[in-house]
Amino acid sequence: MNCINDSWRLNSAVWSVAPRLACAVALALLGLCELAAPGRADEADRLCVPSVAQTLTVAADLAKVPDGSPDGWELAEVGGETRTAVQLAPRVAADGTIAAANGQTLAVIPPAAAGTATRQFRLQRRAETDPPPASSFQLVAVSDVTLQVTEQDKPVMAYNHGTVTCESVPESDRRRTRACYVHPIWGLDGEVLTDDFPKDHYHHHGAFWAWPHVTVDGKQYDLWTNAGIEQRFVRWLYREAGPVAAVIGVENGWFVGDRQVATERVWMRAYRAGDRERSLDLEIYLVPLVPLSLQGAGGKSYGGLTVRFAVQRQADVAITVPAGKTSADLLETPLEWADLTSQFPGAPDRSGGAVFVHPQHPNYPPTWLTRHYGPLCVGWPGVDARQYEPGQTHRLPYRIWVHAGAVDVEQLQAQYAAFTAGAPLHWEQASAP
């Protein structure tokens, strides 16, 4: 069951040995590249990326913003034929706001040819005779509380910034309303992968982040079920749709009555679909405004990012983690990533999604709870309460990797390595001649 109510500019728009080794190799490849000889301005700026056999989504900090229209640039492979569109986006500051420094280049780079070690790209203007890249993404306000992302007119995801009410939930149940979460997430064939207000757990909502134990001034609240504390939209930070990605930045608050006790800033990047797969990056910046503690559910570990899948039959579900497929649900288990695959209505074949946790995540790898009836729950900080002081920012970086068809451990490990390799990257500049 799904219940959905109808800054810059709005364009109409995972540590087992194998994953650890994969990450180490990928990170080692992120070293500095040899810069071009002085005086060759056309090759002065180089972006070095690891060579992987998967599509690589890149977010690279710029040393300077290029002159001219943001739509007039592309990445060109040095010594190769790959040219791909670039999208300029803000650089995110340590507290989740937009940094005053120069921005980022976003790109989706096709897989490397076999035998390539590292790849170098330069940022260049498109030839005047080349047509401008199409703005394949759109941001559509489908209601006054929901902003939907589409690519080539196909739905990708929706962010519910306002309060959503599910009329089938009893009026006396505080779980009847919710705000500040992602749902639906659509698969590559248009199937809805996530669930919202499911009958077994009204408080599950697509991709959401909440904690069952939040202590403020010695009193405990429950953000998991909106008991005494809730998330509310405060303001947009950024909304832009371009040829590479749709980027949404939003600021929300945690409120106890009228008192705001924490700020959360959330950045979402929906990248262009690849070969029957898509990357949805999610970064949560949590900033307490008063001393508070967070704690997950004892014995289970849920509390943090959760993705609730719209499972129809548990018998159809396969959950895969770095150790392989699991037949039983996992409790308080440290994981770098987990995938849920099933048969979803409207899809011709099995499909699903993986949740990847970046190695920069605090207390990495975090503990998880997995359930074959639908939820994948990242438990951070875990079952032991942790105190957080005002003004300290805690960045929680994730990727939701959506795929068509069934996937195995090797595929998932390769995709996780591509996730960790794609960001952060930096442009290197030669000294002026």
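Right above here is the structure, for reference.
We now turn to the structure provided with this report.

The rules behind these values
- Residues numbered from 1 in each chain as written.
- Predicted model: local features only at pLDDT ≥ 70, side-chain atom pairs only at ≥ 80, totals over all residues.
- Heavy atoms only, no water.
- Helix = DSSP H or I, 4+ residues; strand = E, 2+ residues; numbered from the N terminus.
- Buried < 20%, exposed > 50% of the residue type's maximum accessible area, 1.4 Å probe, protein only.
- Areas by Shrake-Rupley, 256 points an atom, 1.4 Å probe, with all protein chains shown as cover.
- Pairing = 2+ DSSP bridges.
- Axes fitted to C-alpha atoms, helices over the stretch in contact; angles between N-to-C directions.
- Contact = heavy atoms within 4.5 Å.
- Core = buried A, V, L, I, M, F, W, Y, C linked by side-chain atoms within 4.5 Å.
- Phe/Tyr/Trp six-rings, centres within 6.5 Å; stacked < 30°, edge-to-face > 60°.
- Salt bridge = Lys/Arg side-chain N within 4 Å of Asp/Glu carboxyl O.
- Polar contact = N/O pair within 3.5 Å; in protein donor to acceptor, adjacent residues only side chain to side chain.
- Expected span 1.5 Å × (residues − 1).

### Overview of the overall build of the chain
In terms of helices and strands, the chain carries 2 helices and 33 strands. By the burial criterion, 58% of the 433 residues in the chain qualify as buried. Summed over its atoms, the accessible surface of the chain is roughly 17200 Å², and 49% of this surface lies on carbon and sulfur atoms.

### Here we look at the sheet that holds strand E17 (residues 230–241)
The strands making up a sheet associate through backbone hydrogen bonding, with each pair oriented either parallel or antiparallel. Read from one edge to the other, the open sheet built from 9 strands follows the order E17-E18-E19-E20-E31-E27-E26-E23-E24, with strand pairing classed as antiparallel. Each edge of the open sheet is held by one strand with a lone partner, namely E17 and strand E24 (324–326). Neighbour to neighbour, the strand axes of the sheet diverge by 20° on average, direction disregarded. Helix-sheet contacts for helix H2 (residues 409–422) involve strand E20 (277–288), strand E23 (318–321), E24, strand E26 (337–342), strand E27 (351–357) and strand E31 (394–404), and the interaxial angle to E27 is about 45°.

### Digging into the nonpolar core
Looking at soluble globular proteins, one finds that nonpolar side chains tend to be buried together. Of all hydrophobic cores here, the largest spans 87 residues; its most connected members are Val149, Trp209, Trp211, Trp254, Met268 and Leu294. It is E31 that contributes the most residues to this core, 6 residues altogether.

### So, the packing of aromatic side chains
Applying the stated criterion across every chain, the model contains 13 aromatic pairs. Arranged with centres 5.2 Å apart and planes meeting at 45°, the rings of Phe208 and Trp224 form a pair that is tilted. In this pair, Phe208 sits in strand E14 (residues 207–210) while Trp224 sits in the loop between strand E16 (219–221) and E17, placing the two residues 16 residues apart along the sequence. Across the pair, exposure class does not vary: Phe208 and Trp224 are buried alike.

### What about the pairing of strand E15 (residues 213–216)?
The alternating pattern of E15 places Val214 and Val216 on a buried face and His213 and Thr215 on a face that is not buried. In this structure, E15 lies alongside strand E21 (residues 292–295), joined through 4 bridges in antiparallel fashion. Looking at E21, one finds that His213 is bridged to Gln295. Relative to E16, E15 is paired through 3 bridges, and the arrangement is antiparallel. Paired with Thr215 across the strands is Gln220, a residue of E16. In textbook terms, the turn of a hairpin is the stretch between consecutive antiparallel strands, and for E15 and E16 this stretch comprises 2 residues, one of which, Asp217, has a positive phi near 55°.

### As for the pairing of strand E19 (residues 259–271)
Within E19, 11 of the 13 residues are buried, which leaves it mostly tucked inside the rest of the structure. Bridge count for strand E18 (residues 245–256) against E19 is 12 bridges, and the pairing is antiparallel. Residue Gly249 lies in a different strand from E19, and its bridge partner there is Trp267. Counting the residues in the hairpin turn of E18 and E19 gives 2 residues, including Gly257, whose phi is positive at 65°.

### Quick look at the side chain of His161
With respect to the secondary-structure elements, His161 resides in the loop between strand E10 (154–160) and strand E11 (164–165). On the accessibility criterion, His161 (12% relative accessible area) is buried. Every residue in contact with His161, bar those within four places of it in the chain, is listed here: Asp144, Val145, Thr146, Leu147, Ala179, Cys180, Phe233 and Trp236.

### Some words on unusual backbone geometry
Residue Pro184 follows His183 across a cis peptide bond; omega there is -5°. Mapped onto the fold, Pro184 is located in strand E13 (residues 181–185). For the peptide bond that leads from Tyr364 to Pro365, omega is -10°, which places it in the cis range. Topologically, Pro365 is positioned in the loop between E27 and strand E28 (367–370). Unlike most non-glycine residues, Gln152 shows phi in positive territory, near 50°. One can find Gln152 in the loop between strand E9 (146–151) and E10. With a phi close to 55°, Asp217 is a non-glycine residue in the positive phi region. Within the secondary structure layout, Asp217 lies in the loop between E15 and E16.

### A few points about the environment of Ala310
Relative to the helices and strands, Ala310 resides in the loop between strand E22 (304–308) and E23. Those residues within four positions of Ala310 in sequence are excluded, and the remaining contacts are Val192, Leu193, Thr194, Asp195 and Phe344.

### Overview of the sheet that holds E15
Across the sheet, which stays open at both edges, the 4 strands sit in the order E16-E15-E21-E30 with antiparallel pairing between neighbours. Looking at the sheet topology across the chains shown, the edges are occupied by E16 and strand E30 (386–388). Here the strands of the sheet are splayed against their neighbours by 30° on average, with no regard to which way each runs.

### So, the pattern of salt bridges
Considering all chains together, one arrives at 18 salt bridges under this definition. Across the pair Glu251 and Arg235 runs a salt bridge whose closest N-O atoms are separated by 3.0 Å. Taken together, the positions of Glu251 in strand E18 and Arg235 in strand E17 put the pair 16 residues apart, joining distant regions of the chain. For Arg269, the salt bridge is made with Glu283, and the minimal N-O distance between the two is 3.6 Å. Here the residue Arg269 occupies a position in strand E19, and Glu283 occupies one in strand E20, the gap between them amounting to 14 residues.

### Focus: the side chain of Arg122
Relative to the assigned elements, Arg122 resides in strand E7 (residues 118–125). A polar side-chain atom of Arg122 sits 3.3 Å from a polar atom in the side chain of Gln124.

### Description of H2
Over its 14 residues, H2 extends 20 Å from the first C-alpha to the last, a length consistent with the 20 Å expected when each residue adds 1.5 Å. Counting buried residues in H2 gives 11 out of 14 residues, a clear majority hidden from the surface. Turning to H2, its buried residues are Val409, Leu412, Gln413, Gln415, Tyr416, Ala417, Ala418, Phe419, Thr420, Ala421 and Gly422. With a side-chain oxygen lying 3.3 Å from the backbone nitrogen of Glu410, the N-terminal cap of H2 falls on Asp408.

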